[in-house]
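Commentary on secondary and tertiary structure
Chain by chain, the residues run as shown.
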Amino acid sequence: MTQAILALEDGTTYRGSAAGAEGTATGEVVFNTSMTGYQEVLTDPSYAGQIVTMTCPEIGNYGVSSEDVESRAPQVAGFIIRDQSPVASNWRANGTLRDYLVANRIVAIADIDTRALTRKLRSGGVMRGVIGTGESLDADALVDRARKIPQMEGSDLVKDVTSKEAFDWPEENPDEFGIAVERLPKKRKKIAAYDFGMKWNILRRLSAHGCDVRVYPAATPASEVLATNPDGIFLSNGPGDPAVLSYAIDSAKTLVKSDVPVFGICLGHQILGLAMGGSTFKLKFGHRGANHPVKKLETGKVEITSQNHGFAVDPKSLSKDVEVTHLNLYDGTVEGLRHKKHPVFCVQYHPEASPGPHDADYLFDDFLEMIEKRG
């Protein structure tokens, strides 16, 4: 088994074995608390620039399936696990996790104490790190390299993951998902979706809820999108620091004032928060996993949500025209916003990811209702 080392910017190193492609991976080291869904994690564009640690000790036991990807290919910078299953025990599997990582050139490390690593990141905050593989590794050199990696704050990673040109998403059959769609519009609605690093399941859910979706690159001017007369506009998830995305924030400002219904998720939520006059800040270790409780303030109900973000909207920075609709019950951070005068709302979590399993799917119905009220 090929040797591997994980080196953090604070000088900590972990020795293990290579669990994917050979080489070097650099990025911000974060952790995800999901017990399943590692393939969705690997292919989520929001993880661009990050080395993901899975806190569940055994990863890979059900292999990988071509039906479970969230984008064209794995997007993570690197992958960290405790025990890598050598078998894929699932009738849907197309192969093992290790073969998948090798085929997609994702450097990974296994056989390290991921519990200790997670405790370090939780206590000290996420850190820049390097995974190196090979038999003659210099741990000190890897630490030095980790310290030279650009900080996540101030990084525009959207430009690397957004689609190169606009495209239409094919119509989905809602019965294929096993999630009941409470209501469908009398006529399919035309949605323009900004791709900041969009998960494909968002597109699947929009389509299953009766929407024809055209996806636009992140830097598309709002005037170009509005010229197509969409019934509604969607702002997607994505990686990096929202505050540096001036092109997206400027477009969002125009969209808010247009009075076309707007719905945002994750990075789209942060961009809308900035467009509506707020500010964002970096969380100490972020929210990443499929088990995060969120309270809807209007009803008091708690949703179990899937999350993946390292930044949040500062509630103190919001104007009186913007109300907070959802709060994270772990740390009280903002999980949802709604504009009081314009048909705009957004959430920080992922309603399409089915963690609860379907606690937050109603948000797609809310979007449709907003569109139909506008006429």
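Notes on the structure follow. Because the structure is a prediction, the values reported are computed rather than measured.

Another aspect to go through is the layout of surface pockets. Approximately 280 Å³ is the volume attributed to the second largest pocket. Surrounding the second largest pocket, 16 residues form its lining, Phe31, Thr33, Thr118, Arg122 and Phe285 being those nearest its centre. Looking at the lining of the second largest pocket, the elements that each hand over two or more residues are α3 (114-124) and β15 (280-296). Grouping the constituent residues of the lining of the second largest pocket by class yields 3 nonpolar, 8 polar and 5 charged.

This brings us to helix α8 (residues 246-258). In this model, α8 (13 residues) spans 18 Å end to end at C-alpha, consistent with the 18 Å of a helix rising 1.5 Å per residue. Looking only at α8, the buried set comprises Ala248, Ile249, Ser251, Ala252, Leu255 and Val256. Summarising the axial view, the buried residues of α8 lie within an arc of 160 degrees, below the 170-degree limit, and thus occupy one face. Two residues or fewer past α8, Asp259 is found with a positive phi of approximately 65 degrees.

Bringing the pattern of salt bridges into the picture now. Evaluation of the coordinates by the stated rule reveals 14 salt bridges. We note a salt bridge from Glu369 to Lys373, for which the minimum N-O separation is 3.7 Å. One end of the pair, Glu369, and the other, Lys373, are both in helix α10 (residues 362-374), 4 residues apart, so they sit about a helical turn from each other. A relative accessible area of 36% places Glu369 in the partly exposed class. Overlapping salt bridges, with partners in common, bring together Glu67, Asp68 and Arg92 in one network.

Here the focus is the packing of α8 against helix α9 (residues 267-275). Remark: α8 packs on α9, axes separated minimally by 8 Å, with the N-to-C direction vectors making an angle of 70 degrees. Taken as axis vectors, α8 and α9 run roughly perpendicular relative to one another. Residues Ala248, Ile249, Ala252, Lys253 and Val256 of α8 pack against Ile271, Leu272, Leu274 and Ala275 of α9. The residue makeup of the contact of α8 with α9, split by class, is 8 nonpolar, no polar and 1 charged.

Here we come to the sheet that holds strand β19 (residues 344-347). In spatial order, the strands read β10-β12-β11-β13-β14-β19-β18-β17-β15-β16; together these 10 strands make up an open sheet with mixed pairing. Of all strands in the sheet, those with a lone pairing partner are β10 (167-168) and β16 (302-313), marking the two edges. Sheet topology places strand β11 (residues 189-195) next to strand β13 (residues 232-235); 4 bridges connect them, and they run parallel. Across the sheet, residue Ala193 finds its bridge partner in β13, namely Phe234.

Inspection of the entire model under this criterion finds 1 cavity of 30 Å³ or more. Taken as a whole, the largest cavity holds about 140 Å³ of empty space. Broken down by secondary-structure element, the contributors of at least two residues to the lining of the largest cavity are α9, β15 and β16. Among the elements that take part in the lining of the largest cavity, β16 stands out by supplying 4 residues, more than any other.

Side-chain positions along a regular strand alternate between the two faces of the sheet. Most of strand β12 (residues 211-217) sits out of view: 5 of its 7 residues are buried. Alignment of β10 against β12, held across 2 bridges, turns out to be antiparallel. Across the sheet, the residue bridging to Asp168 is Arg214, located in β12. Where β11 and β12 come together, 7 bridges link them in parallel fashion.

The next point concerns a nonpolar patch on the surface. A grouping of Val302, Ile304 and Leu329 is seen on the molecular surface, where their side chains present a nonpolar patch of about 230 Å² in accessible area. For Leu329, the location among the structural elements is in the loop between β17 (322-328) and β18 (334-339).

With that settled, consider the sheet that holds strand β3 (residues 24-32). Here 7 strands make up a closed barrel; going around it, the order is β1-β2-β8-β6-β4-β3-β9 and the pairing mixed. With strand direction ignored, the average angle separating the axes of adjacent strands in the sheet is 35 degrees. The sheet contact formed by strand β4 (residues 50-54) and strand β6 (residues 78-80) spans 3 bridges and is parallel. Residue pairing across strands places Ile51 opposite Gly78, the latter belonging to β6. The sheet contacts of helix α4 (residues 139-147) involve β1 (3-8), β2 (13-18), β3 and β9 (127-133), and relative to β1 the element is tilted by about 45 degrees.

Basis of the calculations
Residues numbered from 1 in each chain as written. Predicted model: local features only at pLDDT ≥ 70, side-chain atom pairs only at ≥ 80, totals over all residues. Heavy atoms only, no water. 1 Å grid on protein atoms, 1.4 Å probe; cavity = no way out; pocket = protein on both sides within 12 Å on 5 of 7 lines; lining within 4 Å. Points joined across faces, edges and corners; volume = space filled by probe spheres on them. Helix = DSSP H or I, 4+ residues; strand = E, 2+ residues; numbered from the N terminus. Nonpolar A, V, L, I, M, F, W, Y, C, P; charged D, E, K, R; others polar. Expected span 1.5 Å × (residues − 1). Buried < 20%, exposed > 50% of the residue type's maximum accessible area, 1.4 Å probe, protein only. Arc of directions from axis to C-beta. Salt bridge = Lys/Arg side-chain N within 4 Å of Asp/Glu carboxyl O. Axes fitted to C-alpha atoms, helices over the stretch in contact; angles between N-to-C directions. Parallel < 35°, antiparallel > 145°, perpendicular 65-115°, else oblique. Contact = heavy atoms within 4.5 Å. Pairing = 2+ DSSP bridges. Patch = residues over 30% accessible without salt bridge, like charges linked within 9 Å, V, L, I, M, F, W, Y side chains within 5 Å. Areas by Shrake-Rupley, 256 points an atom, 1.4 Å probe, with all protein chains shown as cover.

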